[in-house]
Amino acid sequence: MAPVSGGPTESATGAGPDRPCRLTVLGATGSIGSSTLDLVGRNPGLFEVVAVTAQSNVQELAALAKLHRAKAAVIGDATLFKALVDALAGTGITAMAGDAALVESALMPADCVMAAIVGAAGLKPTFAAAGQGRRVALANKECLVSAGDVFTSAIAKSGAELLPVDSEHSAAFQALAGADPKAIDKIVLTASGGPFRTWTRAQLESATPDQALKHPNWSMGAKVTIDSATLMNKGLELIEAFHLFPVGVDALDCVVHPQSIVHCLVSYKDGSVLAQMAPPDMRTPIAVALAWPRRMAAPTDKLDLTRLGSLTFEAPDEARFPALRVAKAAMRRGETAPAVLNAANEIAVAAFLERRLKFLDIASLVEDTIEIAEKQGAVCAATCLDDILAIDALARRLAVAQLSSY
Ligand code: NDP
């Protein structure tokens, strides 16, 4: 079993002695994007950077484009086009701007597209890449969470290869090693538990953005770091796993593992449990996705179990972290419930970061939004990306409208 459909295999990345892999990085200035380009820089000759994109960070984008000799640099915020042109003057790198240009960059000839734009903004460019039948290294969670069936259909139709970058799904992909889904008993994703793992519910009432942004193990963008603190991230990952690995909802589970060394455990019906382990550094799963089916070097710490001493596991507490329960319910409800969940969560996280919503109200706002959407008939089947985008927009409006009541 593999989350890879149809497309070419051994030479898919083009990485190898004959030809470098032509790589586009969507969301190049972000945490995943910069880790990806770090690997590119450390492996001269393996990659040729086609396009790099960002939303507003013009100077960083231009610097990355120059450093990696990209053919094009694309800034999502169209008002920054001139600033990008100025920053790239004399380099021969094409400057592009705006939402349509982001999609265009995903269509440029490439062997692999790293999809690392954060949030629903990543949907259109990532769908564009998927439609090209090329390798998509998927970090953006929203394609699978909000548009799971539509996205996997698009992948199957184009014959693209979908390789997960999220560490837990990369771990599952490696531990599954193409196994027959019927042989699987459970796929168990691990969660670090975030910065509030040991906090009481009373303490969580007054948790601040600064406290939530201090992840104990991982260095990530702000949105996913807050999602880790609420455990919504694990709920989103269960939904991603549901679409990547066809084992069914009841065979998916999660467990808290504070050391973040084991990223996923796959239990087989014969009693074997295969776990993937690595120090918490996203360059490992990124390297797996870029080089698969080969392996490439990543400059991460080497795992020393004797220094670690012990690995511990505990059940997640859904009373203190209700976002996990809300996400699981949306996964079971199916149809567009996860799209509503995701959109409402993006609104809630942004409001929390702006100190307009309390930490525990993130999950409440999301749950209430799903309930209202259900009453309005907006939890329904979706057949195309436009359906998803319409539900996403509606869910955002519903969530924003409720903010004032918290
Ligand atoms: P970051 O916030 O660090 O980076 C996001 C990137 O997307 C930046 O390049 C940013 O540009 C760009 N961007 C932001 N908004 C828009 C927009 N509206 N249109 C186009 N581009 C935009 O995110 P991460 O790298 O942490 O995460 C990327 C994705 O990967 C997310 O979906 C996340 O859930 C997922 N992921 C991340 C992990 C991690 O370790 N970081 C782990 C697993 C999954 P600019 O810099 O200009 O704002």
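About the thresholds
- Residues numbered from 1 in each chain as written.
- Predicted model: local features only at pLDDT ≥ 70, side-chain atom pairs only at ≥ 80, totals over all residues.
- Heavy atoms only, no water.
- Near = heavy atom within 4 Å.
- Polar contact = N/O pair within 3.5 Å; in protein donor to acceptor, adjacent residues only side chain to side chain.
- Nonpolar A, V, L, I, M, F, W, Y, C, P; charged D, E, K, R; others polar.
- Patch = residues over 30% accessible without salt bridge, like charges linked within 9 Å, V, L, I, M, F, W, Y side chains within 5 Å.
- Areas by Shrake-Rupley, 256 points an atom, 1.4 Å probe, with all protein chains shown as cover.
- Salt bridge = Lys/Arg side-chain N within 4 Å of Asp/Glu carboxyl O.
- Helix = DSSP H or I, 4+ residues; strand = E, 2+ residues; numbered from the N terminus.
- Buried < 20%, exposed > 50% of the residue type's maximum accessible area, 1.4 Å probe, protein only.
- Contact = heavy atoms within 4.5 Å.
- Pairing = 2+ DSSP bridges.
- Axes fitted to C-alpha atoms, helices over the stretch in contact; angles between N-to-C directions.
- Parallel < 35°, antiparallel > 145°, perpendicular 65-115°, else oblique.
- Left-handed = near helix turned anticlockwise from the far one by under 90°.

## A word on the site of the ligand
In the vicinity of the ligand lie 24 residues, with Thr-29, Ser-31, Ser-56, Asn-57 and Asp-166 positioned nearest. The backbone of Ser-56 places a nitrogen or oxygen atom 2.7 Å from an oxygen atom of the ligand. Between the ligand and Ala-139 there is a distance of 3.4 Å, counted from an oxygen atom to a backbone nitrogen or oxygen. Residues of the shell around the ligand, tallied by class, amount to twelve nonpolar, nine polar and three charged.

## Overview of a nonpolar patch on the surface
There is a patch of nonpolar side chains on the surface, built from Met-277, Leu-303, Leu-305 and Leu-308 and spanning about 300 Å² of accessible area. By the element assignment, Leu-303 lies in the loop between α13 (283–291) and α14 (305–308). Under the relative-accessibility criterion, Leu-303 is labelled partly exposed at 32%.

## Quick look at the side chain of Thr-36
Counting through the fold element by element, Thr-36 comes out in helix α1 (residues 31–42). Note on Thr-36: relative accessible area 0%, which makes it buried. Those residues in contact with Thr-36 that lie beyond four places of it in its chain are Leu-23, Val-25, Met-114, Ile-286 and Leu-290.

## Section: the sheet that holds strand β11 (residues 273–277)
Strand pairing in a sheet is mediated by backbone hydrogen bonds. Such pairs are either parallel or antiparallel. Taken in spatial order, the four strands of this open sheet run β9-β8-β10-β11, and their pairing is mixed. Edge positions in the sheet fall to β9 (252–256) and β11, since each of these pairs with one other strand and no more. Each adjacent strand pair in this sheet contributes to an overall mean axis angle of 20°, direction not counted. Where strand β8 (residues 184–191) meets β9, five bridges bridge the pair, whose relative direction is parallel. Counterpart to Ala-191 in the pairing with β9 is Val-256. The sheet contacts of helix α8 (residues 167–176) involve β8, β10 (262–268) and β11, and relative to β10 the element is tilted by about 35°.

## Topic: the sheet that holds strand β7 (residues 161–164)
Reading across from one edge, β4-β3-β2-β1-β5-β6-β7 is the order of the seven strands in this open sheet, with parallel pairing throughout. Of all strands in the sheet, those with a lone pairing partner are β4 (94–97) and β7, marking the two edges. Here the strands of the sheet are splayed against their neighbours by 20° on average, with no regard to which way each runs.

## Quick word on the environment of Phe-242
Tracing the sequence through the fold places Phe-242 in helix α12 (residues 232–244). We classify Phe-242 as partly exposed; its relative accessible area is 30%. Distance from Phe-242 to Met-331, taken between C-alpha atoms, is 8.2 Å for residues 89 residues apart in sequence. Non-local contacts of Phe-242, meaning those with residues more than four positions away in its chain, are made with Gly-248, Val-249, Leu-252 and Met-331.

## Section: the packing of helix α4 (residues 99–107) against helix α5 (residues 123–131)
Put simply, α4 and α5 touch, their axes get as near as 8 Å, and they point 25° apart. As judged from the angle between their axes, α4 and α5 are roughly parallel. The interaxial crossing formed by α4 with α5 has right-handed handedness. Residues Leu-102, Val-103, Ala-106 and Leu-107 of α4 touch α5, and the partners they reach there are Lys-124, Pro-125, Ala-128 and Ala-129.

## Things to note about the packing of helix α15 (residues 322–333) against helix α17 (residues 361–375)
At a closest axis distance of 8 Å, the pairing of α15 and α17 adopts a crossing angle of 25°. As judged from the angle between their axes, α15 and α17 are roughly parallel. As α15 runs across α17, the sense of the crossing is left-handed. Contacts between α15 and α17 involve Pro-322, Ala-323, Arg-325, Val-326, Ala-330 and Arg-333 from the former and Ala-363, Val-366, Glu-367, Ile-370 and Glu-374 from the latter. Residue composition of the contact of α15 with α17, by class: seven nonpolar, no polar and four charged.

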